[in-house]
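A closer look at the structure
Single-letter residue listing:
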Amino acid sequence: MSSQRRVVLQLYRELLFMGREYPMGFLFFRERLRKVFQKNKTVEDYEQISNLIKRGNFVIKELEAMYKLRKYRTLKKNYYEDS
Amino acid sequence: MMSLSHIFKSRVIQLALLRNKSLSRSFGGSMVKFRYTLLPPVIQNSSLFHTFNTQFIRSIPLLSNRQVRLFSEDGLPPTWEEVNKKIIDVLSAFDKIAPENVSLGAHFVNDLGLDSLDIVEIVMSFEDFFDVEITDDELETIFSGKDAADLIGRKLEIPFPEAAL
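Before going into details, it helps to say that this report is about the structure given with it. (Residues numbered from 1 in each chain as written. Chains lettered and ligands numbered in written order. Predicted model: local features only at pLDDT ≥ 70, side-chain atom pairs only at ≥ 80, totals over all residues. Heavy atoms only, no water.)

1. Overview of the environment of Pro159(B)
- Following the sequence through the fold, Pro159(B) ends up in the segment after α11 (145–155).
- Sequence separation between Pro159(B) and Pro77(B) is 82 residues, and the spatial gap between their C-alpha atoms is 9.6 Å. (Helix = DSSP H or I, 4+ residues; strand = E, 2+ residues; numbered from the N terminus.)

Put into structure tokens, the structure is as follows:
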């Protein structure tokens, strides 16, 4: 049980770190993130928690993809004016 | 002035002569010398000091596991008072804590009414402010400003007052 608790806290930490560059601001991101974590505060089933952790890791990947896309678009804009 | 014969009584040189090694090598490079200085003065001044073999010296862990420590950046590491003050500042800046409730000994959960997610956020800001890394294991041991100060002080290698010789 406590091992899952640790994984969840680690996940929260990583998500907070990923959210530092969020387009709508870090405070906006933090508020939303906290709400999501608090919504699932009462979940006790082991399987269910594992699924939620998986979903959290998926969100990290999505954020990463978003940042990469943003970088790609910025670079492209710099090279090709018209597109 | 030390006479030559006196120097040759030193066991290090005797051993070096026996093994036919160069003298400079038997005295050890600067790294070995540096580690000597970490030994307490009692041992350094004793005659036993010369009989320590380099294998033993290498087995003593260095004080720091950081490769480079830049003293040129801001001189000396912070004092305990500075660390404590900075921790109070960080805690008062946190939006869920009323600044008048902040004290070093206040328990995060029981006294300040924070949850585990808040503690993660606070620890992350400590990491930023003090430029240290705090692992998950250490995170679970932090329950008050005092815990954090102890941990961060140890990481910054601030000497304890009673340990100063």
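2. A look at the pattern of salt bridges
- For the coordinates displayed, the defined rule picks out 15 salt bridges over all chains.
- Close ionic contact of Lys85(B) with Asp89(B) constitutes a salt bridge, the shortest N to O distance being 3.3 Å. In this pair, Lys85(B) and Asp89(B) are both assigned in helix α8 (residues 80–93), four residues apart and thus about one turn of the helix distant.
- Of the residues examined, Lys85(B) reaches a relative accessible area of 53% and is grouped as exposed.
- Residue Asp89(B) is classed as partly exposed on the basis of its relative accessible area, which comes to 39%.
- Measuring nitrogen to oxygen at the nearest pair gives 3.3 Å for the salt bridge that ties Asp118(B) to Lys96(B). Remark: Lys96(B) occurs in the loop between α8 and α9 (116–130) and Asp118(B) occurs in helix α9; sequence separation between them is 22 residues.
- With a relative accessible area of 3%, Asp118(B) lands in the buried category.
- Because the salt bridges share partners, they merge into one network encompassing Arg30(A), Arg34(A), Asp95(B), Lys96(B), Asp115(B), Asp118(B) and Glu121(B). (Salt bridge = Lys/Arg side-chain N within 4 Å of Asp/Glu carboxyl O. Buried < 20%, exposed > 50% of the residue type's maximum accessible area, 1.4 Å probe, protein only.)

3. Remarks on the nonpolar core
- Membership of the largest hydrophobic core comes to 42 residues, with the highest contact counts inside it found for Ile87(B), Leu91(B), Ile97(B), Phe108(B), Ile122(B), Phe126(B) and Phe130(B).
- Among the secondary structure elements, those contributing two or more residues to this core are α1 (2–18), α2 (26–39) and α3 (46–79) of chain A together with α8, α9 and α11 of chain B.
- The greatest single-element share of this core, amounting to eight residues, is contributed by α9(B). (Core = buried A, V, L, I, M, F, W, Y, C linked by side-chain atoms within 4.5 Å.)

4. A word on the packing of aromatic side chains
Residue and element names in this part refer to chain A.
- Taken as a whole and assessed by the stated rule, the structure comprises four aromatic pairs over all chains.
- Relative to Phe28, the ring of Tyr22 has its centre 6.2 Å away and its plane inclined at 15°; by these criteria the two rings are stacked.
- You can call Phe28 partly exposed: its relative accessible area is 30%.
- Ring-pair connections join several aromatic residues into one group, and the members of that group are Tyr22, Phe28 and Phe29. (Phe/Tyr/Trp six-rings, centres within 6.5 Å; stacked < 30°, edge-to-face > 60°.)

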